[in-house]
Structures are given as structure tokens and as C-alpha cells.
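# Architecture and fold: a report
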Amino acid sequence: MNYKNKKSVVSKYAFLLALSLTIVSCNPDEEQTVVTFTNLVWQDNFSTDGAPSANSWTYDIGDGTAQGIPGWGNNELQYYTDRPENVVVEDGMLKITAIQEPYMGAGYTSAKILTKGLFEQTYGRFEARIKLPWGQGLWPAFWMLGDDSGGSVVWPQIGEIDIMENRGDQPTVTHGSVHGPGYSGGSAITKSYELTDGRFDTEFHVFGIEWGPNYINYYVDDVLYNQITPADVTGEWVFNDNPFYMILNVAVGGSFSGNPNANTVFPQTMYVDYVRVYSRD
Amino acid sequence: MKTIKFINKKNSLVLGLILLLTVGCERELSDDVVSATFSNTAEIFTDNFVGLGSNFYFPYSDGFAKPDIFEVDSEVSYVGSSSLRIDVPNEIGDPGGSYAGAFFRIDGAGRDLTEYNALTFWVKSTGAPFIQSFGFGQSEVQDFQTSISNFQLSTTWTKVTIPIPDASRLTEEKGMFWLVALPDNGAGYSFWIDELKFENLGGLGQLRPFISNGQDVTGIGFEGETLSIAGVGVTANLANGQDVSVVSSPNFFTFTSSNPSVAATNVSEVSLVGGGTATITAQLGNTDAAGSLTVSSTALAPTPPARDAADVISVFSDAYTNVPVNHFNGYWGGSTTQGQDDININGNNIIKFTEINYVGTEFLGANTIDASQMTHFHMDILIETPLQPGDFLRIGLQDLGADNAFGGAPDRFGAITLRSNTTPALINGGWVSLDVPFSSFPGLSTRANLAQIVYVTDGTVGFLPGSITSVFIDNIYFYR
């Protein structure tokens, strides 16, 4: 990581902070510290056209059958590919596009990219600036899974941190969650955040967490909207030692979002301006 | 901020002059005054009308709209102290009228609405009627008329959002609000409107413009005709994820023709300038609209030859003097047929029937026609619908007999049936000229009191053979 990049990032961020300061200065009683970690350790600004950098990202391919979880465990309808139609870097952005097309027995294609085995970290601040797809049945996500120690630990024991999940028919709502032993799937610990005068599918927003020992803070733009601690979960806290990797994907259909309907417009693209990770120190 | 405020007030008609004088002292503002020339006031009705001037209410003058339908109601409000109550009359029995229809427009200069993306208001009703239209953009002109249709009210306050297709066009809009509310199964009702205003909603997005209701439609037009493109509007997505569609004036759109020598476009206007086929598509701003119109541009029907007045009795033509006709479409019971003598291409009138199963043109009572001295019947027909096997067009003439009344003395009826294999043959997309001797109408033994021309296609009746649903007709006359 060269210093110049880091500096420009920090100065951009300083502007954001200044903005938030201006806003909260009107309401001194509600002043809050959104983020505290500022040591940038990993980033992808998606500035090189083509496939996502192989140094940063790998792929999940298929419909989950090969992994033993057809529909990726959620009755999802898409087949993930690494084709440029489904995942490409251009215009300074990562674009993950869900397409309605018959492909390998599925009715939709899309993409899912991961930093698994390439970048994993315990604690820190993980954020991405994203413009979401929209429409009934679209399920975009920016999330993290804990390292599975070569397959010896399985979900939900590995832990899952969902920084952003969205139902495409709720264009103003994002969900932040954790899954772990005793609180996974429909029992995940989750909170939603709703924009009061904006949408996630027509403009970019920053989705992030700041994660330290015994806490995970969730924020959107300059609003800290949730903190999850061991006291909030109904099982073992599995977020204090394991390194986690990041995932970006657009699922179609399934148990979280419901399936697309006649009004759903395809193709749908999730635009990611950047992904940045800061260490806790 | 200060500058904007100044411009607002400057253009507010009520306070205009006083404030102009007052703030005239604030010298630093004068540099910025140029750009915004009209008021950008958002509110139309809060606790009363806002900035509409004095003469702002215009009930429709069609003879059916009740003139006095609204009241500022201080008993009911969503916010503040009062609301705008609309009283829809019963369909029958109210001497004032049979429905509520009116527009509210600014008595004075229009507003600059370019910073908003929707007209919104809260509404509740005494029941759950469907309102035919709520909209904006209607005043003495309807350049940017936009509305939602068939909106169902309820007895609880509900917010209505009417997206603006492209607010950059609304730099000087006077038409603030209009509505058409019909009785609910014949019964009147009331509803209350509050916080009627333009807003810039961050939760409104994903505007999807359309023409031809988003379909790829084909049709026939006539050389010289200025096309009116139907089914134009946008669908937008609200913050709650629900779609809402409005129909709007084509003036928001820019149209493009695949063949300018057939259909010439000038921004929102499409004119047929030559024969042939062209496909019309549209853009709203930089966004392509769904749907298209492929139009076959056709010549007008042949002009009838000059004849002595004694040699012709004309029912419908622009070449001869026409006799009085009660109506070209009697909207008989069971008839699905719409339209009549609606088309006028540079002075050339044409009848168009759509959704035709059967329809009758009538000249009754004193208007019955004595064609006993005539020998032939003439009519020009153009079938717009693609022809299917079994399709026919039956044209009948009804004579009432010597008593000039239905029943009594023998009524006589004769008809000819045209198909794709008759002479002349029905064709699709081109004019067919009929010159038929009365002897070809079997059964029509008298013709001194002709009262009806009847057309039958069975086009909209699923279990009957006809599938012709759209027909143009011109130059109907009897001659010798």
C-alpha cells in the first residue's frame, strides 16, 4: 500500500467527517462518533478496467450445488459466473449485474466475489460505497464470513457479519446483522436502517462496520445506527478471534427477498465505487 | 438562501410590490436576480389556497360537471386547521351536475417547478370510491398535463404522489391541480385534500417513461395528419417500493422517426408527410421510452367526383353538402363500438370506429332519406385491423316504409357482406371504394325512408368469426 493513496483516501474521508460535523452541529444533543479507525490497510477503488483484481478477489461459481447447498441455502435462483456480463470493473466501479437468462439450468445469472484466502482480518473498519440494484426479488449484499480453518469449522460457528443486505422492493431500507451459533438464519441479530429522504438504488451510499473486541458498530454514511455486543446475541460471541473475509454479491430470489415478479426490471446492477478496510490501531 | 427567498417573494403575486420595494435596499442581491424569473412556491393548499390569486377555480364547462364542488373545511384537516373538501354529486337528481371535474390554476404568472419531482397531497373520503383522475398541468392550455388514474380513496388519510415526468420543462406552469371524480355506482360522496403541494422527494426514483402504454403498437395514419401518440407517461418507484404510473402530455417527450420522409418529427410533434411506414420511438430527457408506434402512412380516400346536387344525397363527405344525421355511432345496447366522426385531417373528415362489433348511423324522423330517385350507394372503407380468415364487414341499409316509423308499415332491410374473396374484396391497410347498386341489397325493396346504416363485424365477440375491430369510413352517399 503506497502512502500517496492512503493520504488521498484520508483527506477524502476528512471531508466526509467535516460534512457530518456540520450536520450534527445543529443537534449537539445527538452528537455521535461514527468511526474511529483511520489506518487504511486495504482498499480496492476499482480503477483498472476488466475483471476484478485477482490479487484481491476470488469467485463463487454456480448455484451452490457443488458446495452442497443448492440455492446457496436460501432457495436463491441465480447461477453465479465470472463472465464480464455478470462482473466487471469499468468506469471506476465494480459492476455486478443480475441478468434474467436461461443458464446452466438456472433462470438468472449474477456474480459473487470474495476476498477469501486473499485478505482476511480480525477487527477493523470495513466499508464500501455502493449504489444498489432494485426491484422485487433482488438481494444485494456486502458481508463477511469468518475463516473456516480449512473446513474444520462450519457456518454458523464461523460467524457472519452482514454489513449491508437489501430487499430490492424496499429501496430505502438496509439491514445489518450478525449470524452465529444459536442466532443464525431467521434468528440472526439484525437491525434495519431507513433513509428518510433518499434511496439506495438511485445514489451511492457508504455502508460500513467498525468492529472491535466485543462490539460491532453499523453505519450508513454519517449515521451510526446500531451496535451489537455479546449481550445482544443469543449464543456464543464468535467475533473476537477469527479473521473474516469480505463478500459482494447480488442474489436473485430466495427466502430473504422473495422471488422476482412481472414488475421486476432486468438486468439489475450493483455499482461499487470502493471497498476500504482500516485496522483497529 | 437569502437570494432564493428574495426571488420567491418578488414573484409572489400577493405581496409582490411591497416586498420588491422593501428588499430593494438589499443591494447585494441584485446580481443574482436574473436566473429565476418565476415563483417556485411549492404549496397549493395548506389551510387555504396559497398564491393562486383570486380567479383560480374552473369547473369544466361540459354541462355535466357540477360548478360548486369545493369548500374550505375548517372541521377536518390532516395538518393545520382546515382542508379542501370536494363534494361529488349523485349521478342523477342534482340540478348542478352529475360529476365533479375542475382545474385550479394560478390567476397570474406561472410557477417555476423545476426543483420538484412530484405533486403530493393527503386525502381521505367518506367511502372508498375510485377517482378517475388527479393531476396537474391543466389551465387554459394543457401543455404538460399529467395525472394518475383510477386512484382508490379510503376513510383514512392516505398520501398521493403524482410524479413529474421531467420537471425541467415546468419553468412557468399555471395548472396547479385538476381532478375528475365520478359518482361511485351512481352515489355521491365527499373527500378531503390537505397539504397539496409540489415536493422534491428523495424517495422517488427509477422513472421509466413509456409511449403506446409500453407496447409496440401498429396503426394507420393519413398523409397530412399530425399524430397524437397515445398511452404516454412514466412509471416511477416510491420510497415504499410501490410503482406509480402517470399519463402525461407527449410534450415532455422527444420523438424520433425511423423514416422522416414518412413521419417527420419536431420534438414532440409527429406529422405524416409521405406514404409508407415509419416507427416512432421517444425519449424523456436522455432516457429511452418503452413502447413504439409503427404507423403506415396512407393517402386519404379518393375525392368523390363533382356531381349535380340533384344526383347525390350525401350522408358524410367533404365533397358534397351533407344531409342532417342524428349520430354516426348510436352506442346501441350490446355494441362495444367506440368513436365516430372524430378525425379531421386538414379539413378532411373521417369516421373511425374502434372496438367494433356492430354500430349504427342514424337519420331519424324528419331526417330520413328518400333515396328512391338514386341508383347507387357509395362508401370508402379502410380496414386497420389485420385480416383473419372468416373476417367480414356487413353493411346494411334500413328503410322504415311509408309510415316513417319502426314497425307498422313494412320495414325493409338489405345488406351486403364484404370478405377478402368478394368483389370488391376487403383488404387490410388500403381504401376500398364501394359503388353498389341498390339491387345488390337483397330485401331492400323500398328506400324512400332510409333511417339507418348498420355495420357488423362481430370483431370483439370472441365466439363469433369476425376479428375486424378498427375501421375508417369516408364518403358515404347515395347517387345516380
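Residues numbered from 1 in each chain as written. Chains lettered and ligands numbered in written order. Predicted model: local features only at pLDDT ≥ 70, side-chain atom pairs only at ≥ 80, totals over all residues. Heavy atoms only, no water.

### With respect to the overall build of chain A
From N to C terminus, chain A includes one helix and 17 strands. Burial analysis of chain A (281 residues in total) assigns 53% to the buried set. In chain A, of all internal contacts separated by at least 6 residues, the share reaching a separation of at least 24 is 71%. Accessible surface, chain A: about 12000 Å² in total, of which carbon and sulfur atoms supply 50%. (Helix = DSSP H or I, 4+ residues; strand = E, 2+ residues; numbered from the N terminus. Buried < 20%, exposed > 50% of the residue type's maximum accessible area, 1.4 Å probe, protein only. Contact = heavy atoms within 4.5 Å. Areas by Shrake-Rupley, 256 points an atom, 1.4 Å probe, with all protein chains shown as cover.)

### Let's talk about the overall build of chain B
Helix and strand content of chain B: two helices and 32 strands. For chain B, the spread of C-alpha atoms along the three principal axes comes to 90 × 55 × 45 Å. Within the structure as shown, chain B displays about 21000 Å² of accessible surface, and the carbon and sulfur contribution to it stands at 51%. Here chain B contributes 22 positively and 49 negatively charged side chains, and the mean placements of these two sets differ by 5 Å. (Lys, Arg positive; Asp, Glu negative; His and termini not counted. Charge placed at Lys NZ, Arg CZ, Asp CG, Glu CD.)

### Some remarks on the nonpolar core
Counting 66 residues, the largest nonpolar core has Phe134, Phe191 and Ile193 of chain B as the members making the most contacts within it. The element best represented in this core is strand S11 (residues 189-199) of chain B, accounting for five residues. Apart from the residues lying within four places of it in its own chain, the contact partners of isoleucine 193 of chain B are Phe45, Ser83, Leu84, Ile86, Phe121, Trp122, Val123, Phe134 and Phe177 of chain B. The next biggest cluster of nonpolar side chains, apart from the first, holds 51 residues, and it includes Ile96, Ala111, Tyr183 and Met246 of chain A. (Core = buried A, V, L, I, M, F, W, Y, C linked by side-chain atoms within 4.5 Å.)

### Focus on the layout of surface pockets
Of the voids in this model, the largest pocket is the one considered here, and its volume is about 1000 Å³. In this structure, the largest pocket is lined by 36 residues; those nearest its centre are Trp72, Asn74, Trp143, Trp155 and Glu160 of chain A. Elements represented by at least two residues in the lining of the largest pocket include exactly strand S7 (112-114), strand S9 (138-146), strand S10 (160-165), strand S11 (173-179) and strand S16 (244-252) of chain A. With four residues, S9 of chain A is the largest single contributor of residues to the lining of the largest pocket. For the lining of the largest pocket, the class distribution of residues is 16 nonpolar, 11 polar and nine charged. Together, 18 residues line the second largest pocket, and Val217, Ser228, Ala230, Leu293 and Lys352 of chain B are the ones closest to its centre. A total of five residues in the lining of the second largest pocket trace back to one element, the largest contributor, which is strand S13 (residues 216-222) of chain B. (1 Å grid on protein atoms, 1.4 Å probe; cavity = no way out; pocket = protein on both sides within 12 Å on 5 of 7 lines; lining within 4 Å. Points joined across faces, edges and corners; volume = space filled by probe spheres on them. Nonpolar A, V, L, I, M, F, W, Y, C, P; charged D, E, K, R; others polar.)

### A word on the interface of chain B and chain A
Interface size, as often reported, equals the accessible area lost upon joining of the parts. Listed as interface residues are 14 residues of chain B and, on the opposing side, 11 residues of chain A. Carbon and sulfur atoms supply 47% of the area that chain B and chain A bury against each other, a total of about 810 Å² over both sides. Interface area lost by chain B to chain A is led by Gly202, Gln206 and Ala239 of chain B, which between them contribute 50%. At the junction of chain B with chain A, the criterion picks out zero salt bridges. Linking chain B with chain A are six residue pairs in polar contact (both at pLDDT 80 or more). Looking at which element gives the most residues to the side of chain B that touches chain A, the answer is strand S12 (residues 205-210) of chain B, with three residues. (Buried area = accessible area lost by both parts, 1.4 Å probe. Salt bridge = Lys/Arg side-chain N within 4 Å of Asp/Glu carboxyl O. Polar contact = N/O pair within 3.5 Å; in protein donor to acceptor, adjacent residues only side chain to side chain.)

### Concerning the side chain of lysine 95 of chain A
Residue and element names in this part refer to chain A. In this structure, lysine 95 sits in strand S5 (residues 93-103). Since its relative accessible area comes to 12%, lysine 95 is described here as buried. One polar contact links lysine 95 to aspartate 91, side chain to side chain, over a distance of 2.6 Å. In this structure lysine 95 touches Asn86, Val87, Val88, Glu90, Thr269, Met270 and Tyr271, once residues within four positions along its chain are discounted.

### Considerations on the sheet that holds strand S18 (residues 263-266) of chain B
Residues and elements named next belong to chain B. Taking strand neighbours across the sheet as the criterion, the three strands line up as S14-S19-S18 in an open arrangement whose pairing is antiparallel. Where the open sheet ends on each side, the last strands, each with one partner, are strand S14 (226-227) and S18. Direction of pairing for S18 relative to strand S19 (residues 269-272): antiparallel, over a ladder of four bridges. Within S19, the position partnered with alanine 263 by the bridge is leucine 272. (Pairing = 2+ DSSP bridges.)

### Some points on the side chain of glutamate 384 of chain B
All names here are of chain B. Take glutamate 384: it is sitting in the loop between strand S27 (376-383) and strand S28 (393-399). A polar atom in the side chain of glutamate 384 sits 3.1 Å from the side chain of lysine 352. The residues contacting glutamate 384, other than those within four sequence positions of it, are Gly219, Ile220, Lys352, Asn428, Ser470 and Phe472.

### Observations concerning the sheet that holds S10 of chain A
Strands in a sheet are paired, the pairing made by backbone hydrogen bonds, and the direction either parallel or antiparallel. Residue and element names in this part refer to chain A. Pairing is antiparallel in the open sheet, where seven strands are placed in the order S2-S7-S16-S9-S10-S11-S12. Here the strands that pair on one side only, and so sit at the sheet edges, are strand S2 (58-59) and strand S12 (189-194). As judged from the five bridges shared by S9 and S10, these two strands associate in the antiparallel manner. Looking across to S10, one finds that leucine 145 is bridged to glutamate 160.

### Focus: unusual backbone geometry
Most peptide bonds take the trans form, and the phi angle of most residues other than glycine is negative. The linkage connecting phenylalanine 266 of chain A with the following residue, proline 267 of chain A, adopts the cis geometry, with an omega of -5°. With respect to the helices, strands and loops of the structure, proline 267 of chain A is situated in the loop between S16 and strand S17 (268-279). For the bond from threonine 423 of chain B to proline 424 of chain B, the omega torsion is -5°, close enough to zero to count as cis. Positive phi is not limited to glycine here, since glutamine 206 of chain B has a value of about 55°. With respect to the element layout, glutamine 206 of chain B can be found in strand S12.

### Concerning the packing of aromatic side chains
The way to describe two aromatic rings as a pair is by their centre distance and the angle between their planes. The tally for this structure, following the rule as stated, stands at 47 aromatic pairs over all chains. Centre to centre, the rings of tryptophan 42 of chain A and phenylalanine 119 of chain A are 5.2 Å apart; their planes meet at 25°, and the pair counts as stacked. Placement of tryptophan 42 of chain A in strand S1 (residues 39-44) and of phenylalanine 119 of chain A in the loop between S7 and strand S8 (124-131) is noted, with a sequence separation of 77 residues between them. Residue classification places phenylalanine 119 of chain A among the buried residues on the basis of a relative accessible area of 12%. Centroid distance phenylalanine 49 of chain B to phenylalanine 104 of chain B: 5.7 Å. Interplanar angle 20°. Geometry classified as stacked. Of this pair, phenylalanine 49 of chain B sits in the loop between strand S1 (43-45) and strand S2 (57-59) while phenylalanine 104 of chain B sits in strand S5 (residues 100-105), and the two are 55 residues apart along the sequence. Taking relative accessible area as the criterion, phenylalanine 104 of chain B reaches 1% and is therefore assigned buried. An aromatic cluster of three or more residues is present, and its members are Phe45, Phe49, Phe56, Tyr57, Phe70, Phe104, Phe121, Phe134, Phe151, Phe177, Tyr189 and Phe191 of chain B. Against the face of tyrosine 103 of chain A rests arginine 83 of chain A, its NZ or CZ located 4.4 Å from the ring centre. Positioned above the aromatic ring of tyrosine 479 of chain B, the side-chain terminus of arginine 307 of chain B is 4.1 Å from the ring centre. (Phe/Tyr/Trp six-rings, centres within 6.5 Å; stacked < 30°, edge-to-face > 60°. Lys NZ or Arg CZ within 6 Å of the ring centre and 35° of its normal.)

### Let's talk about the environment of phenylalanine 37 of chain A
Residues and elements named next belong to chain A. Inspection of the secondary structure puts phenylalanine 37 in the loop between helix H1 (3-25) and S1. As for phenylalanine 37 and valine 252, which are separated by 215 residues in sequence, their C-alpha atoms are 34 Å apart. What phenylalanine 37 contacts, discounting residues up to four positions off in sequence, is Gly124, Arg125, Glu210, Trp211, Tyr215, Tyr278, Ser279 and Arg280.

### Examining the domain arrangement of chain B
As far as domains go, chain B holds domain 1 (38-199), domain 2 (206-298) and domain 3 (309-479). In this structure, domain 1 of chain B and domain 3 of chain B have C-alpha centres spaced 43 Å apart. (Domains from an automatic or database assignment.)

### Some remarks on the pairing of S8 of chain A
Residue and element names in this part refer to chain A. Most of S8 is tucked away: six of the eight residues are buried. Bridge count between S8 and strand S13 (residues 205-212): seven bridges; the pairing is antiparallel. By the bridge assignment, phenylalanine 126 is partnered in S13 with isoleucine 209. Here seven bridges tie S8 to S17, and the two strands are oriented antiparallel to one another. By the bridge assignment for S17, alanine 128 is matched with valine 275.

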